[in-house]
Amino acid sequence: MAAAIAASLPAPQSAPTPAGPTYEAIPASMSKVIDIEADIPLACVQLDGMVVSKIIKHAREAHGTSAHGVLLGLDLDGTLEISNSFPLPHHINDDDDKSVKGVARYQASMLRSLKEVQADDSVVGFYQAMALGSFYNQTLVETQAIQQEKLRHGGVVIVHDISRTARGNAAFRAFRLTKAFLDAYKRNNFSTESLINHRMTFSSILEEIPIRIRTSPLLGAFLDTLSAPSVSAEPSFTKPSSALPPSFSVLNLGTNNVSKNLEQIIEAMDAYKTEEGNLAYMQRQIAREKGKADAYVAKRKDDNAARIAQGLAPLPEEDVSRLFKIPVEPSRLDSMLLLGRIDAYSKTLEETSSTALVKMYASRGSAVV
Amino acid sequence: MPLVPETSALTIQNGSPGFLSTPGRTPTSVTVHPVALFTILDHYLRRTESQDRVIGTLLGTRSDTGEIEVRSAFAVLHSETAEQVAVDMEYHHTMYELHHKVNPKEVIVGWYSTGSNLNTYSALIQNFYSQEIAPHQAIHLALNTGVEEGQQSGVKAYVSSPIGVTPKPENAVFLPIPCELQFKETERSGLDLLSSVSNGSTDAYPATDLDILERSLQSVSDMLDRVLSYVRQVLVGEVKGNAAVGRYLMNTFGASTDELEKGAFNTSLQDTLMVSYLANLVRSQAEVSTRLALATAS
């Protein structure tokens, strides 16, 4: 049923069925009302094989961790099918108005061009590449928050870890902001009570959606042809016999970027310490101001009680908030994000060291007498 | 790693260096990145009913030794009838500008088409593209999807050179040049993932690092079993042993691990243990810290 409605929506789909029942297209004015797809919550994300290789290539070629781009596809029956993607040019300054407009123009003309060759042209999310596991940063959260409001199903952000791919495990993860976090973000209130109210820890900022990878049969057939070893009369021992020989690079005993990973953990912890120091300072200031305000109110009460005892008119109770400026409680979003980064970095470190341990013990095991 | 078996057709040998400095020389070999291949396949799948084959532009880099590296591709609108062929160059320019913004190093190096028949239209289009990127010569990549009967899927690369008495653009012969698949090692695992998915493996995604390690070790163990059974057969006398194979095996298994016991390996092992412990500690610390923030009511 959902597929039938999807086929009759004004978006370009495959060639029309020749001799089946004719579906009447829902007029564009009504399509917002009868939006059946929006009611089905997203349960799974399906990545096309081409998108996988495109993201890996872009992540490898971009400098540092600035590789991001847009995902295109369709949502169908609770599954978000991502069929294409394109990279966005790297803008140096986000606040610069011109560069923001430039990116928007780029995106619009890319979408137009893709539409002409019958590719899907509806934006369903964006992807971000990073190294060594850290993707908790301000820009990601902001972009995802904006996107989640605009897109129909709230877009997903696909995160790709390029260092994990280099180690032999192509890693794609899809995330969405949790409702609790979106709530707090909209109100822009990250003070302590709001955190407690929403029970927010760094692990509850993003929720993960399972990913499924799909290759079209043509792609699968092509890959099979490439990896099939060609039979020749004289097998050589140095040249591999197929275009895509199996790789065993995951069995290498190496340093696995341990030092870089440790450096980044230390950096993040330093930043966290500074942040916590700032927070504590602000808390102390707030407490001090509050103490002064309370002392003033108490003194006023005492004075009034004394004056009533003496029979004079009581002094007016002044509005305390005008006299003492109690500063606003600081936002704890940054420290939460930093904790998330520390956690992510150490998780990567843990994984690399555990596989390294296995390999080392295995290679040593053969040498033990 | 050639993509198609060797042919005895004409190939171009270009030994002297200085390809970039003297444009107009013919390219000598092509390396293709898998992304370009997949994009072409995807475009082929999305073509409309009326199109038999699709064409598009290839982007990549040129090296000084005459090697062309094809890094990505995009589709171009074109229509082909019995009388004429039309290519939307405006679209081509727009898309090229967009792609160039993201990746300034990639330039137009040629064009592709699915289906391996090279007819007059191919020559015309080739001429078009050569004019676009003059003075460099355009390469043509013919990708056969293997969908039709009797045609094997594969990729062939060509350059054109004029032939015949009159220098008309249709009078050109396509000379094949060697074509290879090339990718960086870091992207290798992505391709592995795709081929395992296409083979219908039901392993859960995402696989942890230990799963991948287990699979690798399993395949190495299988290979060792095969080698062992072969050696046993040769010893018994069932199969005649190949001397080259025997020597190769002896070289491979000759490595000894006695040096591992000394010094650096052990300290490295201890370091890894310590790092693992520290990482766990940091994680639990972060978790405790964030819960503490929740616990203190102001």
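Everything numeric in this text was worked out from a predicted model, so none of it was measured.

Novice: Would you mind going over the overall build of chain B with me for this structure?
Specialist: Secondary structure assignment for chain B yields 7 helices and 10 strands. Counting only residues that meet the buried cut, chain B has 39% of its 298 residues in that class. If you take every contact in chain B between residues at least 6 apart in sequence, the share linking residues at least 24 apart comes to 62%. For chain B, the computed accessible surface area is about 16,200 Å², with 56% contributed by carbon and sulfur atoms.

Novice: How should I be thinking about the pairing of strand β8 (residues 211–214) of chain A in this particular structure?
Specialist: On any regular strand, side chains alternate: one points to one face of the sheet, the next to the other face. Residues and elements named next belong to chain A. Of the two faces of β8, only the one carrying I211 and I213 is buried; R212 and R214 on the other face are not. Relative to β8, strand β1 (residues 44–48) runs parallel, the two sharing 4 bridges. Pairing of V45 across the sheet is with I211, part of β8.

Novice: Can you help me understand the interface of chain A and chain B in this one?
Specialist: Interfaces are often sized by the amount of accessible area the parts lose when they come together. Across the contact, 95 residues belong to chain A and 94 residues belong to chain B. Of the roughly 8,100 Å² buried where chain A meets chain B, counting both sides, 68% is carbon and sulfur surface. Summed over the shared surface of chain A and chain B, the number is 3 salt bridges. Of the charged contacts, one joins A:K57 and B:E106 as a salt bridge, the two residues approaching to 3.2 Å between their closest N and O atoms. Viewed at the interface, chain B and chain A are joined by 4 residue pairs in polar contact (both at pLDDT 80 or more). Of the residues forming the side of chain A that touches chain B, the biggest block, 18 residues, is contributed by helix α12 (residues 333–365) of chain A.

Novice: Please clarify how the domain arrangement of chain B should be interpreted in this entry.
Specialist: Per the domain assignment, the segments of chain B are domain 1 (29–185) and domain 2 (265–297). Relative placement of domain 1 of chain B and domain 2 of chain B: their C-alpha centres are 53 Å apart.

Novice: Explain the packing of aromatic side chains to me, please; I cannot follow it from the model alone.
Specialist: The description of two aromatic rings rests on the distance between their centres and on the angle between their planes. Across all of its chains, the model carries 2 aromatic pairs over all chains by this definition. Seen in terms of ring centroids, A:F86 and A:Y106 are 6.2 Å apart; in terms of plane orientation they differ by 55°. Their pairing is tilted. Residue A:F86 is located in strand β3 (residues 79–87), and its partner A:Y106 is located in helix α4 (residues 97–116); the two are separated by 20 residues in the primary sequence. Centroid distance B:W111 to B:Y129: 6.1 Å. Interplanar angle 5°. Geometry classified as stacked. On the criterion of sequence distance, the pair formed by B:W111 in strand β6 (residues 107–114) and B:Y129 in helix α3 (residues 120–132) is long-range, its members being 18 residues apart. Summarising the burial analysis for this pair, B:W111 and B:Y129 share the class buried.

Novice: Looking at this model, I keep getting lost on empty space enclosed by the protein. Mind explaining?
Specialist: Here the idea is plain: a probe the size of a water molecule rolls over the atoms and shows the empty space left. Counted according to the given criterion, the structure contains 4 cavities of 30 Å³ or more. Of the volumes computed, that of the largest cavity is approximately 420 Å³. As for the largest cavity, its lining consists of 30 residues, and the residues nearest its centre are A:K54, A:S85, B:T39, B:A73 and B:H99. Looking at the lining of the largest cavity, the elements with two or more residues in it are α3 (49–61), β3 and α4 of chain A together with α1 (34–45), β3 (67–75) and α2 (89–102) of chain B. Per-element tally for the lining of the largest cavity: the top contributor is α3(A), with 5 residues. When grouped by side-chain class, the residues that make up the lining of the largest cavity number 16 nonpolar, 8 polar and 6 charged.

Novice: Please clarify how the pattern of salt bridges should be interpreted in this entry.
Specialist: Where charged atoms from two side chains of opposite charge come close, those side chains can pair. All names here are of chain A. The final tally for this structure, using the stated rule, is 11 salt bridges over all chains. The salt bridge partner of R214 is D48, with a shortest N-O separation of 2.9 Å. Within this pair, whereas R214 is found in strand β8, its partner D48 is found in strand β1, the two being separated by 166 residues in sequence. The partner of E207 in a salt bridge is R176, with the nearest N and O atoms 3.2 Å apart. Here E207 is found in strand β7 (residues 206–209), whereas its partner R176 is found in strand β6 (residues 172–177), with 31 residues between them in sequence.

Novice: Any chance you could explain the confidence of the model for chain A here in plain terms?
Specialist: Segments scoring low in pLDDT should not have their predicted coordinates read at a detailed level. Residue-level pLDDT values for chain A average 75, and 72% of them are 70 or greater. Within the model, the stretch residues 10–20 of chain A combines pLDDT values under 50 with 5 contacts to residues more than four positions away or in other chains.

Novice: Is there a simple way to think about the nonpolar core in this case?
Specialist: Across soluble globular proteins, nonpolar side chains show a tendency to be buried alongside one another. In terms of nonpolar packing, the biggest core is built from 83 residues, with A:V45, A:I82, A:F86, A:I158, B:L37 and B:L141 touching the most fellow members. When residues in this core are grouped by element, the largest group, 6 residues, is from α1(B). In this structure A:I82 touches A:V45, A:Q46, A:L47, A:D48, A:V51, A:L71, A:L72, A:G73, A:V124 and A:I158, once residues within four positions along its chain are discounted. A:Y136, A:V141, A:M200 and B:V275 belong to the second-largest nonpolar core, a separate cluster that totals 34 residues.

Novice: Would you take a moment to explain the domain arrangement of chain A for this structure?
Specialist: Residues and elements named next belong to chain A. Here chain A is described as being made up of domain 1 (44–219) and domain 2 (249–368). Taken together, the contacts link 21 residues of domain 1 with 24 residues of domain 2. Interface area for domain 1 against domain 2, summed over the two sides, is near 2,000 Å², with a carbon-plus-sulfur share of 64%. Considering only the surface of domain 1 that becomes buried against domain 2, L132, R167 and F202 emerge as the three largest contributors, covering 35% of it. Taken together, the links from domain 1 to domain 2 amount to 0 salt bridges. At the junction of domain 1 with domain 2, the criterion picks out 0 residue pairs in polar contact (both at pLDDT 80 or more). Among the elements of the structure, α5 (138–150), α6 (162–167) and α8 (192–198) are those that each provide at least two residues to the side of domain 1 that touches domain 2.

Novice: Help me understand the sheet that holds strand β1 (residues 29–32) of chain B in this model?
Specialist: Pairing between sheet strands relies on hydrogen bonds along the backbone, with the strands arranged either parallel or antiparallel. Residues and elements named next belong to chain B. The 8 strands lie next to each other as β9-β8-β7-β6-β2-β3-β1-β10, forming an open sheet whose pairing is mixed. Taken across any chain shown, the strands that pair with only one partner, and hence form the sheet edges, are β9 (172–177) and β10 (179–181). Neighbouring strand axes in the sheet, compared pairwise and without regard to direction, differ in orientation by 35° on average. Across 6 bridges, strand β2 (residues 55–62) lies against β6 in antiparallel orientation.

About the criteria used
- Residues numbered from 1 in each chain as written.
- Chains lettered and ligands numbered in written order.
- Predicted model: local features only at pLDDT ≥ 70, side-chain atom pairs only at ≥ 80, totals over all residues.
- Heavy atoms only, no water.
- Helix = DSSP H or I, 4+ residues; strand = E, 2+ residues; numbered from the N terminus.
- Buried < 20%, exposed > 50% of the residue type's maximum accessible area, 1.4 Å probe, protein only.
- Contact = heavy atoms within 4.5 Å.
- Areas by Shrake-Rupley, 256 points an atom, 1.4 Å probe, with all protein chains shown as cover.
- Pairing = 2+ DSSP bridges.
- Buried area = accessible area lost by both parts, 1.4 Å probe.
- Salt bridge = Lys/Arg side-chain N within 4 Å of Asp/Glu carboxyl O.
- Polar contact = N/O pair within 3.5 Å; in protein donor to acceptor, adjacent residues only side chain to side chain.
- Domains from an automatic or database assignment.
- Phe/Tyr/Trp six-rings, centres within 6.5 Å; stacked < 30°, edge-to-face > 60°.
- 1 Å grid on protein atoms, 1.4 Å probe; cavity = no way out; pocket = protein on both sides within 12 Å on 5 of 7 lines; lining within 4 Å.
- Points joined across faces, edges and corners; volume = space filled by probe spheres on them.
- Nonpolar A, V, L, I, M, F, W, Y, C, P; charged D, E, K, R; others polar.
- pLDDT = per-residue confidence, 0-100.
- Core = buried A, V, L, I, M, F, W, Y, C linked by side-chain atoms within 4.5 Å.
- Axes fitted to C-alpha atoms, helices over the stretch in contact; angles between N-to-C directions.

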